[in-house]
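# Survey of secondary and tertiary structure
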Amino acid sequence: TRCAAKGKSGGGFGGARAPAAKPGGSKRGGGKAKPQKASRVPEGYGAACRLDQVPEANAARGFPFFFGDRGYTLLNVDGELHCIEANSTAWGYPTIDVKVLRDRGSAGLAVEVPLDGTVYDLVTGEVLEWCPSDGGDGMGGLLRKGLAVLKKDETPKAIGVYDVKVLDDGVVAVKRERRALPQQ
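All figures in this text were calculated on a predicted structure; none of them were measured in a lab.

## Description of the overall build of the chain
Secondary structure summary: the chain contains one helix and eleven strands in total. Its helices and strands in sequence order give the chain the pattern β-β-β-β-β-β-β-β-α-β-β-β, from N to C terminus. Across the 184 residues in the chain, those meeting the buried criterion constitute 42%. Across the chain, contacts joining residues at least 24 apart in sequence account for 50% of those joining residues at least 6 apart. Of the accessible surface of the chain, which amounts to about 10500 Å², a share of 51% is contributed by carbon and sulfur atoms.

Shown next, in the form of structure tokens:
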């Protein structure tokens with residue numbers, strides 16, 4: 001889901017994001033920053049991190065975090081935060097290094113896992129391409145071809161995607177239950 005920082009409109013915090021004031025620090029124009037009252041995390045959500053910890057828009061890596069023993073990756077795509085499971089469903093490869101693909105998926109966004117090439121819809125989590133054997137030349141191509149052969153008879157499994165909210169105090173909250181897949 002798209003989220004906006006307090007006071008922003010249009011569905012994202014984009015490049016206009018101001019750095020968070022540090023306690024006892026100064027605001028623009030001088031003076032001390034007022035301590036901000038902590039926002040209440042909505043029921044069913046957990047506090048993942050602070051907004052200033054999230055990588056800049058379109059960074060090469062996502063932000064990993066955990067709720068208990070479950071891992072997740074936050075991605076900042078064009079100023080919109082998206083959250084997916086920390087590991088792919090094909091081989092368990094970390095999603096921190098996924099490549100964002102445009103013009104794919106239900107909302108024009110998908111992610112590709114570097115190891116096996118599996119492509120997931122970033123909004124629904126549905127598998128768009130399962131372990132393709134098109135890895136190119138060299139060791140990467142051989143590895144993908146081998147992984148594709150090993151997974152060819154396996155039923156593709158969607159990756160978990162999670163709703164994200166940015167609270168008034170800059171805390172990024174992520175819904176603990178995965179988004180339901182659309183009905184066919």
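Read on, since the account is not over.
## Considering the layout of surface pockets
Estimates place the volume of the second largest pocket at around 160 Å³. What lines the second largest pocket is a set of 14 residues, among which Asn58, Ala59, Asn76, Val98 and Val100 lie closest to the centre. For the lining of the second largest pocket, the secondary structure elements donating two or more residues are strand E3 (70–77) and strand E5 (99–102). The biggest single contributor to the lining of the second largest pocket is E3, with three residues. Here the residues of the lining of the second largest pocket are counted per class, giving eight nonpolar, three polar and three charged.

## Some points on the sheet that holds strand E11 (residues 171–175)
Sheet architecture is open: three strands sit in the order E1-E11-E10, paired in antiparallel fashion. At either margin of the open sheet sits one strand with a lone partner, and together these are strand E1 (45–50) and strand E10 (164–166). Going from strand to strand, the sheet's axes swing by 30° on average, the running direction of each strand aside.

## Quick notes on the nonpolar core
Formed by 16 residues in total, the largest nonpolar core has its most connected members in Phe65, Leu74, Leu81, Cys83, Val164, Val172 and Val174. Secondary-structure elements contributing two or more residues to this core are E1, strand E2 (63–67), E3, strand E4 (80–85), E10 and E11. Per-element tally for this core: the top contributor is E2, with three residues. Other than its neighbours up to four places away in sequence, Val172 contacts Gly46, Ala47, Ala48, Cys49, Arg50, Leu51, Val54, Leu74, Leu81, Val164, Lys165 and Val166. Judged by nonpolar contacts, the second largest core, of 14 residues, contains Val111, Val113, Tyr120 and Leu122.

What counts as what
- Residues numbered from 1 in each chain as written.
- Predicted model: local features only at pLDDT ≥ 70, side-chain atom pairs only at ≥ 80, totals over all residues.
- Heavy atoms only, no water.
- Helix = DSSP H or I, 4+ residues; strand = E, 2+ residues; numbered from the N terminus.
- Buried < 20%, exposed > 50% of the residue type's maximum accessible area, 1.4 Å probe, protein only.
- Contact = heavy atoms within 4.5 Å.
- Areas by Shrake-Rupley, 256 points an atom, 1.4 Å probe, with all protein chains shown as cover.
- 1 Å grid on protein atoms, 1.4 Å probe; cavity = no way out; pocket = protein on both sides within 12 Å on 5 of 7 lines; lining within 4 Å.
- Points joined across faces, edges and corners; volume = space filled by probe spheres on them.
- Nonpolar A, V, L, I, M, F, W, Y, C, P; charged D, E, K, R; others polar.
- Pairing = 2+ DSSP bridges.
- Axes fitted to C-alpha atoms, helices over the stretch in contact; angles between N-to-C directions.
- Core = buried A, V, L, I, M, F, W, Y, C linked by side-chain atoms within 4.5 Å.

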